Amino acid sequence: MLRTGFDLLSGYSWGKRFGTLDEKKWLSRIIYLETVAGVPGMIGAMVRHLKSLRRMTRDHGWIHTLLEEAENERMHLLTALELRRPGPLFKIAVIGTQGVFVSMFWIVNFLSPRVC
């Protein structure tokens, strides 16, 4: 459901159907995806960190691993940003999307960490 919605909103579905996807549209899609891709690693690291503090136990390296994953996604974003700089409307959409995605991912992670 999320993928279908994103494909429609990003113009991918129509662009693929009518052959109108160009470099600019692909880069916008990649940049948008990368702004959300780092969220699971960051949320996972934060949840593990808080759990480790609460239980007063070692984490055995998972926090660092999850933070590395979030950093890796950020580096993908920075690479794409070298090719295209988004405008203010795009940035507002990213802020809204991150707000919704972080909230929803946090709730799902709280209810069922295995799903995440």
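Residues numbered from 1 in each chain as written. Predicted model: local features only at pLDDT ≥ 70, side-chain atom pairs only at ≥ 80, totals over all residues. Heavy atoms only, no water.

Looking at an unreviewed UniProt entry, the protein chain carries the name Alternative oxidase, mitochondrial, with the source organism given as Geodia barretti. Quoted straight from UniProt, the Subcellular location (unreviewed entry) entry for the protein chain says "Membrane". As its UniProt record puts it under Cofactor (unreviewed entry), the protein chain is described as follows: "Fe cation". (UniProt positions renumbered as here; feature names shortened; annotations may be inferred.)

Caption draft 1: How the structure looks around the layout of surface pockets. Volume-wise, the largest pocket comes out at about 660 Å³. Around the largest pocket, the lining is made up of 22 residues, and of these Phe-6, Leu-9, Tyr-32, Val-36 and Thr-97 lie nearest the centre. When contributions to the lining of the largest pocket are tallied by element, the ones reaching two or more residues are helix H1 (2–9), helix H3 (23–37) and helix H6 (88–111). Classifying every residue of the lining of the largest pocket by side-chain character gives 15 nonpolar, 4 polar and 3 charged. When its volume is computed, the second largest pocket comes out at roughly 390 Å³. (1 Å grid on protein atoms, 1.4 Å probe; cavity = no way out; pocket = protein on both sides within 12 Å on 5 of 7 lines; lining within 4 Å. Points joined across faces, edges and corners; volume = space filled by probe spheres on them. Helix = DSSP H or I, 4+ residues; strand = E, 2+ residues; numbered from the N terminus. Nonpolar A, V, L, I, M, F, W, Y, C, P; charged D, E, K, R; others polar.)

Caption draft 2: Representation of the packing of helix H4 (residues 39–55) against H6 within the structure. Where H4 contacts H6, the axes come no closer than 10 Å and their chain directions differ by 45°. Between H4 and H6, the angle falls in the class oblique. The handedness of the crossing between H4 and H6 is right-handed. Only Phe-101, Val-102, Phe-105, Trp-106 and Asn-109 of H6 make contact with H4, whose side of the interface consists of Val-39, Pro-40, Ile-43, Gly-44, Met-46, Val-47 and Leu-50. Grouping the amino acids of the contact of H4 with H6 by side-chain chemistry returns 10 nonpolar, 2 polar and no charged. (Axes fitted to C-alpha atoms, helices over the stretch in contact; angles between N-to-C directions. Parallel < 35°, antiparallel > 145°, perpendicular 65-115°, else oblique. Left-handed = near helix turned anticlockwise from the far one by under 90°. Contact = heavy atoms within 4.5 Å.)

Caption draft 3: A look at a nonpolar patch on the surface. Together, Met-46, Leu-50, Leu-53, Val-100, Met-104, Trp-106, Ile-107, Phe-110 and Leu-111 line one region of the surface with nonpolar side chains, adding up to about 930 Å² of accessible area. Residue assignment for the nonpolar patch shows that the elements contributing at least two residues are H4 and H6. Looking at the nonpolar patch element by element, the count peaks at 6 residues for H6. Assignment of secondary structure puts Met-46 in helix H4. The partly exposed category is assigned to Met-46, whose relative accessible area is 38%. (Patch = residues over 30% accessible without salt bridge, like charges linked within 9 Å, V, L, I, M, F, W, Y side chains within 5 Å. Areas by Shrake-Rupley, 256 points an atom, 1.4 Å probe, with all protein chains shown as cover. Salt bridge = Lys/Arg side-chain N within 4 Å of Asp/Glu carboxyl O. Buried < 20%, exposed > 50% of the residue type's maximum accessible area, 1.4 Å probe, protein only.)

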